[in-house]
Amino acid sequence: MRTLSIFAAFGLFGVALVISGSLEGMGMSQSGQNSEAVIRAGAEKLLKDGNFAEAYKEFRRLVLNPQTTAELVPKDLERAAACLRRLGREDELDKFLEEAVAVHGNNWRLLWAAARQYWEGPHFGFIVAGEFYRGQRRGGGDYVNCFERDRVLALRLMQRGIPLALADEKARPEVARFFLDLANFLMGYRHHAESWRLQYLTDLEKLPDFEPGWFWRGAESPAGAPVDEEGNPIFYTVPASWEAATNDGQRWRWCLQQAAECDAKLLPQVRLEFANFLQGQFDVHTLASFGWRWRLEEDEGPAETGTFALHTLEEDETICRLATGVKRFRLPEEFNFLRIYQQLAAEAPQNIRVQAIQQLASSFENRRQYPKAASWWKKLLEGFPANIQELARERIEQIEGNWGRFEPVLRQPAGKGAEIDFRFRNGREVEFTAQEILVDKLLNDIKTLIKQRKQPQWERLQVERLGWLLIHQKRSEYIGRTVAQWTVRLEPRPNHFDRRITVTTPLQQPGVYLLTARMKDGNTSHVVVWVVDTAIVHKPLDKHAWYFVADARSGEPIPKANVEFFGFRVRWTDRPGQPVVDFKQFAEFTDSSGQIVLGRDRMPEDYQWMVIARTKEGRLAFLGFQGVWMPEWEHAFYQEVKAFVMTDRPVYRPGQTVQFKCWIAQARYDQPDTSPFAGKTFQIELFDPKGERVLEKSLVADSYGGIQGEYTLPEDATLGVYHLSVRDIGGGSFRV
């Protein structure tokens, strides 16, 4: 009866309280859900209208409310972070993310979203009074970058979310994308030259320090794939669990596997990503820095054995650049990227198949196994989008078509018959045609154009690029009579290999010629051939310019040559779009030594100058428009003291001993045998990749100015580039 009296006293309002309380116990009241939706809709409208400050306040309310719907709060966090960035308030981002994680620490989706915010950055800021402010900031401070720190912050949140995500059986496809993002965070800037970093397990218990200066993750030259102590390439296997991984490479593999297990539809994408990583590490394109060696073998004929015999590679073999040098080896089946691509080409969805086939075709092209490459390109000719088919046809034509081209050619001396290198594939016949180029007409037209005081077209002034002017600009008025035409029979190499031949032309007389090669049933190629009997040499002197006119074959000076100097400049005035063109023109004869020396009074340095030399005998030579620089030599430069540093090897491992030697000398070529630095004491300093001094030592130079020493690297030495220097003079570097 007491209960009834209570209900009677409170009436329906009491019933409403009981019902509301029961709903709140379930997580959120109906009215709470309605108010959440209203707040979110209002915040979205504010964001759309560009009212970012008010939108941020509303999204922040949603994010920091523990009752906000778990599936929707990650998007609210992303919207709030976007508002902060649009407002230029990135320095509030870190605190906001920490508050959000504190409220929703058991929501793996929120942890994932917060990790993405750290990953997206910005990864820079300023240290002011010991406190970090993310992003741009007025008022100065010490500029620092925080990429590695943000990466660890993101990985911490993702690691916290792993068990929560794996326990969510109803969201497997979404969990798969979670693991793909985690794999991406692990790989962050660790492809290609930085892949050695994957050997190490990122310590998620310790935040990296802020690093001074701009973030840069790269190498000036490829370092090669990492190797173990025996010099074998390192392959990353799949560990039993996240906790069982011994390095970031294994963590990355485990994340990819989890993504595929959570969503089988992602398996082709995961396998493609793994194959692309392997291909980037271990395919033959890593030998690109040894291109000269490839060209040498290509001209002399492919060897059947040897490290660089690419065309002899089997599909389970590769030749690549490792950290210790070039090596040929067999790929384990699990890490054979060609096999993975082939499986994807046969079974994967069309978008993955296209990428796999293109990678296979390109890889076989790089291996100089052109018939295989063509066969893979042909698989794209049916059942694929038109642009893919067109690309495939172009690549097939490149491999199987009749192709020829001229190699770069230097100026040829008159009277010998100009020799031209010609490279071709597949074709059996080529026709050559030589046409005279009317250089005098071209030079006169250029001078006439400038004398009209109109701003000339810059491409008309680049007389050294005659081929581009004649072919691409179609200036046929400068092409004269045909002086020679002949046909050459060709013997192509098998399997679509290139062959290079040297063609001796009938071009004997001095002049400039347009040489055209037409492959039978193939392409057309052009080159400009300069057959010269006279040369002009230009060199800057102290406050002067020196010109020397000589015979092109013997180098003998040509006295009494008439050398014309024609220069122009463009001045911009106060009248927009109406520049003023000034020009100067004068001539001088060469002296008995074939020389002319001019000062700034005759050749102002703010003009572009064309120089034309002629003789009574009909000789002609010219230099196209170029600036003239007349320096004032500083003799102190040649007295500068420099240091040359050498180590006994370029790369070391922790625990090994670095042997080094330095020579101190002046930047001169007339030094006596005895060094002026003999017997002097120099300070040697060694800095690790963090910029911390790890060695400081005084050494005495020998009679040649040389000093030597050694340093044993500790077992826990920091990895990266070490800098060894002679204090206040200079130094060198090595890698650990």
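Small disclaimer: the values here were computed from a predicted structure and weren't measured. (Residues numbered from 1 in each chain as written. Predicted model: local features only at pLDDT ≥ 70, side-chain atom pairs only at ≥ 80, totals over all residues. Heavy atoms only, no water.)

To continue, consider the overall build of the protein. The number of helices and strands found in the protein is 18 helices and 28 strands. Expressed as a percentage of its 736 residues, the buried residues of the protein come to 44%. Of all intrachain contacts in the protein linking residues separated by at least 6 positions in sequence, the fraction that spans at least 24 positions is 63%. As displayed, the protein has an accessible area near 38,600 Å², and 50% of this comes from carbon and sulfur atoms. (Helix = DSSP H or I, 4+ residues; strand = E, 2+ residues; numbered from the N terminus. Buried < 20%, exposed > 50% of the residue type's maximum accessible area, 1.4 Å probe, protein only. Contact = heavy atoms within 4.5 Å. Areas by Shrake-Rupley, 256 points an atom, 1.4 Å probe, with all protein chains shown as cover.)

Bringing helix 9 (residues 248–262) into the picture now. For helix 9, spanning 15 residues, the distance from its first C-alpha to its last is 21 Å, which sits close to the expected 21 Å at 1.5 Å a residue. Most of helix 9 sits out of view: 13 of its 15 residues are buried. (Expected span 1.5 Å × (residues − 1).)

Here we come to the nonpolar core. As a rule of thumb, soluble globular proteins bury nonpolar side chains together. Formed by 102 residues in total, the largest nonpolar core has its most connected members in F179, L182 and F282. Of the residues forming this core, the biggest block, 10 residues, is contributed by helix 8 (residues 172–187). Once residues lying within four places of it in the same chain are set aside, the contact partners of F282 are A225, P233, I234, F235, T318, I319, C320, L322, F329, L331 and F337. Among the nonpolar cores identified, the runner-up in size contains 23 residues, and L686, L699, A717 and F734 belong to it. (Core = buried A, V, L, I, M, F, W, Y, C linked by side-chain atoms within 4.5 Å.)

Pairing in this open sheet of four strands is antiparallel, and the strands run 2-1-3-4 from one edge to the other. Of all the strands in the sheet, the pair left with one neighbour each is strand 2 (131–134) and strand 4 (211–212). Direction of pairing for strand 1 (residues 124–128) relative to strand 2: antiparallel, over a ladder of four bridges. Along strand 2, the bridge assignment pairs V128 with E131. (Pairing = 2+ DSSP bridges.)

Let us now look at the sheet that holds strand 26 (residues 706–712). Adjacent strands of a sheet form backbone hydrogen bonds with each other and so pair up, either parallel or antiparallel. On the basis of which strands lie adjacent, the open sheet formed by three strands has the order 22-23-26 and antiparallel pairing. Either end of the sheet is taken by a strand with one partner, and the two such strands are strand 22 (641–647) and strand 26. Put simply, the sheet's adjacent strands are angled 25° from each other on average, direction ignored. The sheet contact formed by strand 23 (residues 657–666) and strand 26 spans seven bridges and is antiparallel. From the neighbouring strand, T657 faces strand 26, where its bridge partner is T712. (Axes fitted to C-alpha atoms, helices over the stretch in contact; angles between N-to-C directions.)

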